[in-house]
Amino acid sequence: MAPTAYATPAAGLPPQATLHTQRAVFTEAYALIPRGVMRDIVTSALPHWSGTRAWIIARPLSGFAETFSQYVMEVLPGGGSTQPEPDPAAEGVLFVVSGRATLTIEGKNHALKPGAYAYLPPGCRWKFLNKSKAPVRFHWVRKAYDVVEGIAVPNAFVANEQDEPIRWMPDTNNRWGTTRFVDPADVSHDMHVNIVTLEPGAVIPFEETHVMEHGLYVLEGKAVYRLNRDWVEVEAGDFMWLRAFCPQACYAGPDRFRYLLYKDVNRHAKLRY
C-alpha cells in the first residue's frame, strides 16, 4: 500500500505564547531537527533559482554531516531554475513530496508528481520548473561524486516510488523493508537514497552500528528511535542526522512509519583528507 501524502516543513511561525518544548538536539553523534522548528525564518534563497526557498537541513560541517547536503525545496508556480547545480562535481537525488513540476535532463522533459525520484550524475545538464498552479516541494540531496578509475559514472534516471516494490527484510513477515532505486551491487553509485518502511509495531531489532553516515527524513508516521545512547520520539516531518558508527534502532508507532534515507556506500574509507 503506497502512501498518498508525505510530510513537509510546517513553515509559518508559531504563536508568541508557544512553549520552548521542541525536541531539537545536536550532539557529537547525531542531530534531530523536528518539523516544528522548520519555519519560514530559517529558509534560504539560492542563486539562479526563482520563486524558490530552501530549508537546508544538512551540510558538510566539522562535527556534523561529512559526505552530503540535503535541502527541502519549495518552488512556487512559475518558479524554478535553468542553472540549478553550481558544482560540476556534484551528483544529486530529487524526491518530490508535494505538487508537480517539469524536470528536463539533457533536453528530455519528465513530469514529476509526488513520489517522483530522479538521479542526476555529476556534470548532468538539468532544469527544474514549476509550470503548475500550486507550489511543489521536493528533497534535494547533493554529494561530491567519488570518482573511481575504470568505473563509469552512473546515468541519470527518473522513477517513482509508487512503481517500485518494497523489498522486505528476511524473517520480518513483511513488516520492515526498503524501497530501492539503485541496485546495491552497482558500485558506480557511491550513495543510496532509499525509502524505509516499518509497518505498525515493527522494529529494527538490533543496534545498527556501521560506517555509513545517514540522513533520515520522516515521511509519515511516528516512532521511538534509538540514537546513540538515547531513545527519541520522532514523527512525520522530523529530520535525523547520524554520523558514522552512531548506534541506531527503532520501534514503529501505531501507524505505518516511513523515512527517506541517505547513506554513503561502495567506496574505501579515506585515509587522508
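Residues numbered from 1 in each chain as written. Predicted model: local features only at pLDDT ≥ 70, side-chain atom pairs only at ≥ 80, totals over all residues. Heavy atoms only, no water.

Looking at this structure, I do not really get the overall build of the chain. What am I missing?
Assigned secondary structure in the chain consists of 0 helices and 21 strands. The C-alpha atoms of the chain give 18 Å as radius of gyration, which agrees with the globular expectation for 273 residues (19 Å, within 12%). Taken along the three principal axes of its C-alpha coordinates, the chain extends 55 × 45 × 40 Å. Every one of the 273 residues in the chain was classed for burial, and the buried ones make up 51%. Contacts in the chain between residues far apart in sequence, at least 24 positions, make up 72% of those at least 6 positions apart. Surface exposure of the chain reaches about 13500 Å², of which carbon and sulfur atoms provide 53%. (Helix = DSSP H or I, 4+ residues; strand = E, 2+ residues; numbered from the N terminus. Rg over C-alpha atoms; globule rule 2.2 N^0.38 Å. Buried < 20%, exposed > 50% of the residue type's maximum accessible area, 1.4 Å probe, protein only. Contact = heavy atoms within 4.5 Å. Areas by Shrake-Rupley, 256 points an atom, 1.4 Å probe, with all protein chains shown as cover.)

I tried to follow the pattern of salt bridges on my own but got confused; where do I start?
Should the charged atoms of two oppositely charged side chains come close, the side chains can pair. Applying the stated criterion across every chain yields a total of 15 salt bridges. Of the charged contacts in the structure, one is a salt bridge between Asp238 and Arg23, with a shortest N-O distance of 2.7 Å. Note that Asp238 is positioned in the loop between β18 (230-235) and β19 (239-242) and Arg23 in the segment before β1 (25-26), a separation of 215 residues in sequence. Given the relative accessible area of 27%, Arg23 is considered partly exposed. For Glu28, the salt bridge goes to Arg229, with nearest N and O atoms at 3.3 Å. Remark: Arg229 occurs in the loop between β17 (222-227) and β18 and Glu28 occurs in the loop between β1 and β2 (30-33); sequence separation between them is 201 residues. (Salt bridge = Lys/Arg side-chain N within 4 Å of Asp/Glu carboxyl O.)

When you look at the packing of aromatic side chains in this model, what are you seeing that I'm missing?
Here the distance between the centres and the angle between the planes together describe a pair of aromatic rings. Within the structure shown, the criterion is met by 16 aromatic pairs. The ring of Trp140 has Arg142 sitting right over it, with the charged end atom 5.6 Å from the ring centre. (Phe/Tyr/Trp six-rings, centres within 6.5 Å; stacked < 30°, edge-to-face > 60°. Lys NZ or Arg CZ within 6 Å of the ring centre and 35° of its normal.)

Could you clarify how one ought to interpret the sheet that holds strand β15 (residues 203-208) in this entry?
Taken together, 4 strands build an open sheet; the order of strands is β15-β20-β17-β18 and the sheet is antiparallel. Looking at which strands have only one partner, the edges of the open sheet turn out to be β15 and β18. Each strand axis lies, on average, 20 degrees off the axis of its neighbour in the sheet, ignoring direction. Note that β15 and strand β20 (residues 248-252) share 3 bridges and pair antiparallel. Across the sheet, Val203 pairs through a bridge with Tyr251, a residue of β20. (Pairing = 2+ DSSP bridges. Axes fitted to C-alpha atoms, helices over the stretch in contact; angles between N-to-C directions.)

Can you walk me through the side chain of Lys263 in this structure?
Of note, Lys263 is situated in strand β21 (residues 257-264). Within the buried core, Lys263 has no salt-bridge partner, and the shortest N-O distance to an opposite charge, that of Glu208, equals 7.0 Å. Contact partners of Lys263, with chain neighbours within four places excluded, come to Met191, His192, Asn194, Met212, Glu213 and His214. (Lys, Arg positive; Asp, Glu negative; His and termini not counted.)

So what exactly am I meant to see when it comes to the sheet that holds β1 here?
Backbone hydrogen bonds hold the strands of a sheet together, and the pairing may be parallel or antiparallel. In space, the 8 strands of this open sheet follow the order β1-β2-β19-β16-β21-β14-β13-β12, with antiparallel pairing throughout. Across the chains shown, the open sheet's two edge strands, defined by having one partner strand only, are β1 and β12 (167-168). Examined bridge by bridge, β2 and β19 share 4 bridges and lie antiparallel to one another. The residue bridging Leu32 from the neighbouring strand is Met240, located in β19.

Got a minute to help me understand the environment of Phe128 in this structure?
Within the fold, Phe128 resides in strand β9 (residues 126-129). As for Phe128 and Asn155, which are separated by 27 residues in sequence, their C-alpha atoms are 18 Å apart. Not counting the four nearest positions on each side in its chain, Phe128 is found in contact with Trp49, Val75, Gly79, Gly80, Ser81, Leu94, Ala101, Thr102, Leu103, Leu112, Val136 and Phe138.

Even after reading the chapter, I still don't get unusual backbone geometry, so can you show me in this structure?
Peptide bonds are mostly trans, and most non-glycine residues show a negative phi. A positive phi is found at Asp171, a non-glycine position, where the angle reads about 60 degrees. By secondary structure assignment, the location of Asp171 is in the loop between β12 and β13 (176-179). Of the residues examined, Asp171 reaches a relative accessible area of 82% and is grouped as exposed. The phi dihedral of Phe245 is positive, around 70 degrees, even though this residue is not glycine. Considering the arrangement of structural elements, one finds Phe245 in the loop between β19 and β20.

Can you walk me through a nonpolar patch on the surface in this structure?
Where nonpolar side chains cluster on the molecular surface, the patch consists of Leu13, Ile41 and Val42 and spans about 340 Å² of accessible area. Position of Leu13 relative to the elements: it lies in the segment before β1. Residue Leu13 is classed as exposed on the basis of its relative accessible area, which comes to 60%. (Patch = residues over 30% accessible without salt bridge, like charges linked within 9 Å, V, L, I, M, F, W, Y side chains within 5 Å.)

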